[in-house]
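A closer look at the structure
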Amino acid sequence: MNFYGVRAIYTYEMARTGRTLFQSVVSPVISTSLYFIVFGAAIGSRITHIDGVSYGAFIVPGLIMLMLLTQSVTNAAFGIYFPRFVGTIYEILSAPISAFEIVLGYVGAAATKSIILGLIILATSFLFVPIHIEHPFWMLAFLFLTALSFSLLGFILGIWAEGFEKLQIVPLLIITPLTFLGGTFYSTSVLPPFWRTVTLFNPLVYLISGFRWSFFGIADVNVQMSVAMTLLFLAVCLAIVSWFFKTGYRLKN
Amino acid sequence: MTAAISVSHLNKTYASGFQALKDINLDIRHGEIFALLGPNGAGKTTLIGIVCGIVRPTSGRVTVAGHDIIADYRAARSLIGLVPQELTTDAFETPPATLRFSRGLFGKPPNPDHIEKVLKQLSLWDKRDAKIRMLSGGMKRRLMIAKALAHEPQILFLDEPTAGVDVELRKDMWQLVRELRASGVTIILTTHYIEEAEDMADRVGVINHGEIILVEDKAELMRKLGKKQLTLELRERVDAIPAALAPYRLALAGGGTELIYNYDTRGEHTGITDLLDAVRHAGIKFKDLQTTQSSLEDIFVGLVSRDSGAGR
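Note that the structure is predicted; figures quoted are calculated from it, not measured.

Here we take up the overall build of chain A. Of regular secondary structure, chain A possesses 10 helices and 2 strands. The N-to-C order of helical and strand elements in chain A reads α-α-β-β-α-α-α-α-α-α-α-α. Since a compact globule built from 253 residues should have a radius of gyration of about 18 Å, the 19 Å found for chain A is in line with a globular shape. Principal-axis analysis of the C-alpha atoms places the extent of chain A at approximately 60 × 35 × 35 Å. Taking all 253 residues of chain A together, the buried fraction comes to 55%. Taking the intrachain contacts of chain A between residues at least 6 apart in sequence as the baseline, contacts between residues at least 24 apart amount to 80%. Carbon and sulfur atoms make up 72% of the accessible area of chain A, which totals about 10,900 Å². Here chain A contributes 12 positively and 8 negatively charged side chains, and the mean placements of these two sets differ by 4 Å.

Attention now goes to the overall build of chain B. Across its full length, chain B holds 10 helices and 14 strands. When its C-alpha atoms are laid out on the principal axes, chain B stretches across 80 × 45 × 40 Å. The burial tally for chain B puts 48% of its 312 residues in the buried class. With an accessible surface of roughly 14,800 Å², chain B has 48% of that area assigned to carbon and sulfur atoms.

Of the residues lining the interface, 29 residues belong to chain B; the matching set on chain A comes to 28 residues. Buried surface at the junction of chain B and chain A, both sides included, amounts to about 2,600 Å², of which 58% is carbon and sulfur. Our count for the contact surface shared by chain B and chain A stands at 2 salt bridges. Its salt-bridge partner being Lys-147 of chain B, residue Glu-91 of chain A comes within 3.0 Å of it at the nearest N-O pair. Viewed at the interface, chain A and chain B are joined by 10 residue pairs in polar contact (both at pLDDT 80 or more). Put simply, the parts of the chain that give the side of chain B that touches chain A at least two residues each are helix H2 (73-78), helix H3 (95-105) and helix H5 (137-149) of chain B. Of the residues assigned to the side of chain B that touches chain A, the class counts are 14 nonpolar, 7 polar and 8 charged.

What follows deals with the packing of helix H6 (residues 136-160) of chain A against helix H9 (residues 203-216) of chain A. Residue and element names in this part refer to chain A. It is at 8 Å that the axes of H6 and H9 come closest, and there the two elements cross at 155 degrees. For the element pair H6 / H9, the angle class is roughly antiparallel. The element H6 and its partner H9 pack so that their crossing is left-handed. Contacts between H6 and H9 involve Trp-138, Met-139, Phe-142, Leu-143, Thr-146 and Phe-150 from the first element and Leu-204, Leu-207, Gly-210, Phe-211, Trp-213, Ser-214 and Phe-215 from the second. Grouping the amino acids of the contact of H6 with H9 by side-chain chemistry returns 10 nonpolar, 3 polar and no charged.

It is worth spelling out the confidence of the model for chain B at this point. Of the residues in chain B, 90% have a pLDDT of 70 or more, and the chain-wide mean is 86. Of all secondary-structure elements in chain B, the lowest mean pLDDT belongs to helix H10 (residues 296-306) of chain B, at 58, while H3 of chain B reaches the highest, 95.

Okay, the domain arrangement of chain B next. Here chain B is partitioned into domain 1 (5-223) and domain 2 (227-293). Look at where the C-alpha atoms of domain 1 of chain B and domain 2 of chain B centre, and you get two points 45 Å apart.

Remark on secondary structure: sheet strands pair via backbone hydrogen bonds, oriented parallel or antiparallel. Residue and element names in this part refer to chain B. Spatial strand order, S2-S1-S4-S5: 4 strands in an open sheet with antiparallel pairing. Both edges of this open sheet fall to strand S2 (19-28) and strand S5 (67-68), since each of them pairs with a single strand only. In terms of strand pairing, strand S1 (residues 5-13) meets strand S4 (residues 59-64) through 5 bridges, oriented antiparallel. For Ser-8, the partnering residue across the bridge sits in S4 and is Arg-61.

Below, the discussion takes up the environment of Arg-133 of chain B. Residue and element names in this part refer to chain B. By secondary structure assignment, the location of Arg-133 is in the loop between helix H4 (112-121) and H5. Along the chain, Arg-133 and Thr-94 lie 39 residues apart, while their C-alpha atoms are 9.0 Å from each other. Those residues in contact with Arg-133 that lie beyond four places of it in its chain are Ala-91, Phe-92 and Lys-140.

All right, on to the side chain of Thr-199 of chain A then. Locating Thr-199 of chain A in the fold gives a position in helix H8 (residues 193-199). Given a relative accessible area of 9%, Thr-199 of chain A falls into the buried group.

Our focus in this paragraph is the sheet that holds strand S8 (residues 186-191) of chain B. Residue and element names in this part refer to chain B. Ordered by their spatial adjacency, 6 strands build an open sheet running S6-S7-S8-S3-S9-S10, and the pairing between neighbours is mixed. A single partner strand is all that each edge strand has here, and the edge strands are strand S6 (80-83) and strand S10 (211-217). Here the average twist between neighbouring strands, direction ignored, is 15 degrees. The sheet contact formed by S6 and strand S7 (residues 155-159) spans 4 bridges and is parallel.

Moving on to the environment of Ser-123 of chain B. Residues and elements named next belong to chain B. Residue placement: Ser-123 occurs in the loop between H4 and H5. By relative accessible area, which is 48% here, Ser-123 ends up partly exposed. Linking Ser-123 and Lys-228, residues 105 residues apart in sequence, is a C-alpha distance of 40 Å.

Here we come to the packing of helix H3 (residues 55-86) of chain A against helix H5 (residues 99-128) of chain A. Each pair of packed helices gets described by two things: the angle between the helix axes and the distance between those axes. All names here are of chain A. Between H3 and H5, the shortest axis-to-axis distance is 8 Å and the interhelical angle comes to 150 degrees. Classed by the angle they form, the pair H3 and H5 counts as roughly antiparallel. In this structure, H3 crosses over H5, and the sense of that crossing is right-handed. Of the residues in H5, those touching H3 at Val-60, Ile-64, Met-67, Leu-68, Gln-71, Ser-72, Asn-75, Ala-76, Gly-79, Ile-80 and Pro-83 are Tyr-106, Ala-110, Lys-113, Ser-114, Ile-115, Leu-117, Gly-118, Ile-121, Leu-122 and Ser-125. Its residues assigned to classes, the contact of H3 with H5 shows 13 nonpolar, 7 polar and 1 charged.

Residue and element names in this part refer to chain B. A positive phi angle is found at Ser-123, which is not glycine, with a value near 55 degrees. A positive phi angle, close to 45 degrees, is found at Arg-249, a residue other than glycine. Inspection of the secondary structure puts Arg-249 in the loop between strand S11 (227-234) and strand S12 (251-253). Overall, Arg-249 belongs to the exposed group, its relative accessible area being 76%.

About the thresholds
- Residues numbered from 1 in each chain as written.
- Chains lettered and ligands numbered in written order.
- Predicted model: local features only at pLDDT ≥ 70, side-chain atom pairs only at ≥ 80, totals over all residues.
- Heavy atoms only, no water.
- Helix = DSSP H or I, 4+ residues; strand = E, 2+ residues; numbered from the N terminus.
- Rg over C-alpha atoms; globule rule 2.2 N^0.38 Å.
- Buried < 20%, exposed > 50% of the residue type's maximum accessible area, 1.4 Å probe, protein only.
- Contact = heavy atoms within 4.5 Å.
- Areas by Shrake-Rupley, 256 points an atom, 1.4 Å probe, with all protein chains shown as cover.
- Lys, Arg positive; Asp, Glu negative; His and termini not counted.
- Charge placed at Lys NZ, Arg CZ, Asp CG, Glu CD.
- Buried area = accessible area lost by both parts, 1.4 Å probe.
- Salt bridge = Lys/Arg side-chain N within 4 Å of Asp/Glu carboxyl O.
- Polar contact = N/O pair within 3.5 Å; in protein donor to acceptor, adjacent residues only side chain to side chain.
- Nonpolar A, V, L, I, M, F, W, Y, C, P; charged D, E, K, R; others polar.
- Axes fitted to C-alpha atoms, helices over the stretch in contact; angles between N-to-C directions.
- Parallel < 35°, antiparallel > 145°, perpendicular 65-115°, else oblique.
- Left-handed = near helix turned anticlockwise from the far one by under 90°.
- pLDDT = per-residue confidence, 0-100.
- Domains from an automatic or database assignment.
- Pairing = 2+ DSSP bridges.

Pasting the structure below:
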């Protein structure tokens, strides 16, 4: 195990967050605060409660998930894409470091950033609404597994992308819409039966539902199913990453 | 003694079908400076890329100090430092930070003293607080060498290290290379400049169209490169070379209007003065003269046509 190698990548990536503090941390916190003001205060004054939970509190898990997913993907994608773009990837590829260790460094750093961000957003939400977390262990478990899975997805994206445009496509055109349609701001149970069935094909419904259950004990779908889907997604991402390194896809000629 | 690098039957064919390397066999000795020469697209960078783990070989085997580059890649790669041809650096880091990163990546524990020593060796210590993007091109080139030395490699690859580098910096760079060799580091460099190979290398390898066509001690290659040609343009056509000029082994060209003389610049006497006297005494008048030296490329072509296989 090249411990120093993993640490070098991890600390380099964490230092990048320090340099882009505004973009990495402050900006998502401001966005979340705006969501609270618009959805929590303005719309919440009319909706008041969903399944016995105040609307302001109800959207907290969804908002954290929204930020967690987009930031995990974006951070991890940029982390590996940038050295490919500027050419410094040669050093990583020529180093005595395994594929697993490279992933551990990049994905570990991206997931760490996302988890810290998720916790910051959670802390921010305490300023707006009173929240009681029913299953803190599961809350942290979902936070960790989701950050890890979507950082892996971001890593895959960063290797697949051949330009900055492609790098933006997945977070903007896939993750954000699926999160919004996955019950971030509402319970899927309020949808007509047909659309409720359609949402079951959206993998993010399971993540948001499970995460919300850890807060309030209410869920749109079965919690075991949420955990299983999260682990399945993690396994698929791991399989794709290991295939990348086995074949040298977009990394080695 | 195990070779520093041993390449056997190495082939590389890219996905496009282009065969970049054809059955390469090459041993690099411990502690030598080996210059790999060849025109653009000859396969130099592909060969280096494979040894360093950046390019995947199609077939063949490469070992570094006896370690297979695939089966035992950790041991093999930890011995190698690579300075690639392209000037690729981070932008927002400082020189010490990027060297710490390189050292860590190669599995070495932190060593601020070594980082400081390398930065001083490459005259970058004064810039230790500057962001890399603020450094000049020459400084960035030196920084790339510093990064390659951060983990104390035993083998250093320098791929076109002096491309676009001014004369002063080039001299400093070669001085550093000499110091590294003196400390036991094996150095493999690629260059277009034959005079650099002449100055620095112990041995020279020539690669062309993906094939090693020559591996030779520098002194022997320089003897070949030292051949020059003198052409005398005659005022009047001659039918045959006069017998008095026979010792000079001249050739008649241009339909009898040119006399060609081949000589060795490294010989004690080039024989030019004697030849010109002999020409005059033979009653041959010339209107102009010119000398030409075979370019490296001419030698490649000559070698390829004479010997289509490897010329080790």
